[in-house]
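Each chain, letter by letter, is given below.
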Amino acid sequence: MTDKSTYQAELIGPGVIGNNEVVELSYVEGAYQDLVELTFEVAGATSVRTWALGEVGPDTLEPIPYTFLSEVDQTPPNVEN
């Protein structure tokens, strides 16, 4: 790898948040992170999106690709009884 402590990753997926966004990530024990989770809030609702490390070969250049896996809404429903 490199003696840097971070690398650039491109989040590839649906929607506006995290679609082809380039972020700076830290190496984990000298390797790329397997999963990336970002928490965000839109209109009072909190969600978590997850991306998985894409195909990386010996000649892969930064930004390193991450493919969208899932989105989980963490805001409890507001249902009146």
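Scope of this entry: the structure provided in the associated data block. (Residues numbered from 1 in each chain as written. Predicted model: local features only at pLDDT ≥ 70, side-chain atom pairs only at ≥ 80, totals over all residues. Heavy atoms only, no water.)

## Section: the overall build of the protein chain
(1) Moving on: Secondary structure summary: the protein chain contains zero helices and five strands in total.
(2) Moving on: Scanning the protein chain from its N terminus toward the C terminus, one meets helices and strands in the order β-β-β-β-β.
(3) Moving on: For the protein chain, the proportion of its 81 residues judged to be buried stands at 25%.
(4) Moving on: Looking at the protein chain alone, contacts between residues at least 24 apart form 42% of all its contacts between residues at least 6 apart.
(5) Moving on: In the form shown here, the protein chain has an accessible surface area of approximately 5700 Å², with 50% of it arising from carbon and sulfur atoms. (Helix = DSSP H or I, 4+ residues; strand = E, 2+ residues; numbered from the N terminus. Buried < 20%, exposed > 50% of the residue type's maximum accessible area, 1.4 Å probe, protein only. Contact = heavy atoms within 4.5 Å. Areas by Shrake-Rupley, 256 points an atom, 1.4 Å probe, with all protein chains shown as cover.)

## Looking at the pattern of salt bridges
(1) Moving on: By the definition in use, this model includes two salt bridges.
(2) Moving on: We note a salt bridge from K4 to E62, for which the minimum N-O separation is 3.5 Å. In this pair, K4 is assigned in the segment before β1 (6-12) and E62 in the loop between β4 (45-53) and β5 (64-73), connecting sequence segments 58 residues apart.
(3) Moving on: Since its relative accessible area comes to 41%, K4 is described here as partly exposed.
(4) Moving on: E62 sits in the partly exposed class, given a relative accessible area of 34%. (Salt bridge = Lys/Arg side-chain N within 4 Å of Asp/Glu carboxyl O.)

## Brief notes about the sheet that holds β1
(1) Moving on: Here five strands make up an open sheet; going across it, the order is β2-β1-β5-β4-β3 and the pairing mixed. At either margin of the open sheet sits one strand with a lone partner, and together these are β2 (21-26) and β3 (35-42). Taking each pair of neighbouring strands and ignoring which way they run, the sheet shows an average axis angle of 40°.
(2) Moving on: Sheet topology places β1 next to β2; six bridges connect them, and they run antiparallel. Opposite Q8, over in β2, you have E24 as the bridge partner. (Pairing = 2+ DSSP bridges. Axes fitted to C-alpha atoms, helices over the stretch in contact; angles between N-to-C directions.)

## Focus on the nonpolar core
(1) Moving on: Judged by nonpolar contacts, Y7, A9, L11, V23, L25, Y27, Y32, V36, W51, I64 and Y66 together constitute the single largest core of eleven residues.
(2) Moving on: Elements that contribute at least two residues to this core include exactly β1, β2 and β5.
(3) Moving on: Per-element tally for this core: the top contributor is β1, with three residues. (Core = buried A, V, L, I, M, F, W, Y, C linked by side-chain atoms within 4.5 Å.)

## Describing the packing of aromatic side chains
Where two aromatic rings form a pair, the distance of their centres and the angle of their planes describe that pair.
(1) Moving on: Taken as a whole, this structure holds four aromatic pairs when the rule is applied.
(2) Moving on: With 4.9 Å between their ring centres and 40° between their planes, Y7 and Y27 make a pair best called tilted. Highlighted residues: Y7 in strand β1 and Y27 in the loop between β2 and β3, separated in sequence by 20 residues. Summarising the burial analysis for this pair, Y7 and Y27 share the class buried. (Phe/Tyr/Trp six-rings, centres within 6.5 Å; stacked < 30°, edge-to-face > 60°.)

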